[in-house]
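Remarks on the overall topology
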Amino acid sequence: ISEILRLWSPIPVLFRVCAKPFLIVPSLPHEKEVTIEPGTEIIIPSFAIHRNRKYFKNPDKFDPERFNDKNKAQINLYTYHAFGVGPRFCIGNRFALMVMKTIMFSILSRFQIVPVKKTAIPFVPSKNSVLLRSAHGYWFGLKRRQNGNQLKNDE
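For every chain, the first residue of the written sequence is number 1, and numbering continues from 1 onward in sequence order. With pLDDT at 70 or above as the cut-off, local features in this predicted model cover only qualifying residues; side-chain atom pairs require 80 or more to be listed or tallied, and sums for whole chains, interfaces and linings still use all residues. Side-chain figures throughout are based on the complete set of non-hydrogen atoms in the structure, without hydrogens or water.

Turning next to the overall build of the protein. Numbering of helices and strands runs from the N terminus; a helix is a DSSP stretch of H or I covering at least four residues, while a strand is a stretch of E covering at least two. A tally of regular secondary structure across the protein gives 3 helices and 7 strands. Going from N to C terminus, the protein has its helices and strands arranged as α-β-β-β-β-α-α-β-β-β. Here the globule rule is a power law, 2.2 Å times the number of residues to the power 0.38, and the radius of gyration is based on C-alpha atoms. The C-alpha atoms of the protein give 20 Å as radius of gyration, which overshoots the globular expectation for 155 residues (15 Å, by more than 25%). Dimensions of the protein, computed from the C-alpha atoms along their principal axes, are close to 70 × 35 × 30 Å. Sorting the 155 residues of the protein into buried and exposed places 21% on the buried side. When checking whether two residues touch, look at their non-hydrogen atoms; a contact exists if any pair is within 4.5 Å. Sequence-distant contacts in the protein: of pairs separated by 6 or more residues, those separated by 24 or more amount to 57%. A positive count includes Lys and Arg, and a negative count includes Asp and Glu. His and the chain ends are not counted in either. The location of each charge is read from NZ of Lys, CZ of Arg, CG of Asp or CD of Glu. With 24 positive and 11 negative side-chain charges, the protein shows a separation of 6 Å between the mean positions of the two kinds. Exposure is judged per residue with a 1.4 Å probe applied to protein chains only, and the accessible area is read against the type maximum: over 50% gives exposed, under 20% gives buried, and values in between give partly exposed.

Written out as structure tokens, the structure is:
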């Protein structure tokens, strides 16, 4: 779920308002110092950060192992914004993840998710929405499992 939210975050940008003066120190010789004044609205491009090679190896590849117990410690705290970051971090984060895991377990224990004729592979984002949505809708089929994980031969 964390890897899906990294790749296809429902909120592609975060908005914050600067609370106190903040100095951005130049990192290259031709750059100048910039002070962000209190009240200035800041836009954090989560989608771009989640897809940045500097922070995620093979950023466009779906790799759930990125978030396993061994690897998640290597992720920079401020480069994964699926539920926001800082003092405005979503307080429902753990509840939302628990609900999604429960839903996925409930569906996957009874069904196999399969593509159908209308399934768009690869995902194509809509150009008519500020939020990340599919241009072709969400189409998939469910194949009933038998005995928890066995598929029926005739389905």
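Another aspect to go through is unusual backbone geometry. Geometrically, the link from I121 to P122 is a cis peptide bond, its omega value of 5° lying close to zero. Structurally, P122 can be placed in the loop between β5 (111–114) and β6 (141–146). Although it is not a glycine, N58 sits at a positive phi angle of roughly 45°. Here N58 falls in the partly exposed class, since its relative accessible area comes to 44%.

L5, F56, F67, I75, Y80, A82, F83 and L97 form the largest nonpolar core, which has 8 residues in total. With residues near it in sequence (within four places) discarded, I75 still touches F56, R66, F67 and Y80. Nine residue types can take part in a nonpolar core, namely buried Ala, Val, Leu, Ile, Met, Phe, Trp, Tyr and Cys, and a core is a set of them joined through side-chain atoms within 4.5 Å.

With that settled, consider the packing of aromatic side chains. Aromatic pairing here means that ring centres of Phe, Tyr or Trp (its six-membered ring) are within 6.5 Å. Orientation follows from the plane angle: under 30 degrees is stacked, over 60 is edge-to-face, and everything else is tilted. For the coordinates displayed, the defined rule picks out 3 aromatic pairs. Summarising the aromatic geometry, the rings of W8 and F123 are spaced 4.3 Å apart at their centres and angled 50° between planes, so their arrangement reads as tilted. Remark: F123 occurs in the loop between β5 and β6 and W8 occurs in the loop between α1 (2–7) and β1 (14–17); sequence separation between them is 115 residues. Residue W8 is classed as partly exposed on the basis of its relative accessible area of 31%. Their ring planes at 55° and their centres at 4.9 Å tell us that F67 and Y80 sit as a pair that is tilted. In this pair, F67 sits in the loop between α2 (46–50) and α3 (93–110) while Y80 sits in the loop between α2 and α3, placing the two residues 13 residues apart along the sequence. For the pair formed by F67 and Y80, the shared burial category is buried. For a Lys NZ or an Arg CZ to count as sitting over a ring, it must be within 6 Å of the ring centre and within 35 degrees of the ring normal. Its end group placed over the ring of W8, R51 keeps NZ or CZ at 4.5 Å from the ring centre. Sitting over the ring of W139, K118 keeps its end group 3.8 Å from the ring centre.

Our next topic: the environment of F83. Looking at the element boundaries, F83 is found in the loop between α2 and α3. For the pair F83 and I11, spaced 72 residues apart in sequence, the C-alpha separation works out to 8.7 Å. Residue contacts for F83: discarding those within four places in its chain leaves L5, F89, C90, N93, A96 and L97.

Before going further, it helps to spend a moment on the confidence of the model for the protein. Regions with low pLDDT should not have their predicted coordinates read in detail. As a per-residue measure, pLDDT reflects the predictor's confidence and takes values from 0 up to 100. Scored by pLDDT, the protein comes out at a mean of 89, with 94% of its residues at no less than 70. Averaged pLDDT values for the elements of the protein fall to 54 in strand β7 (residues 150–151) and rise to 96 in strand β3 (residues 34–36).

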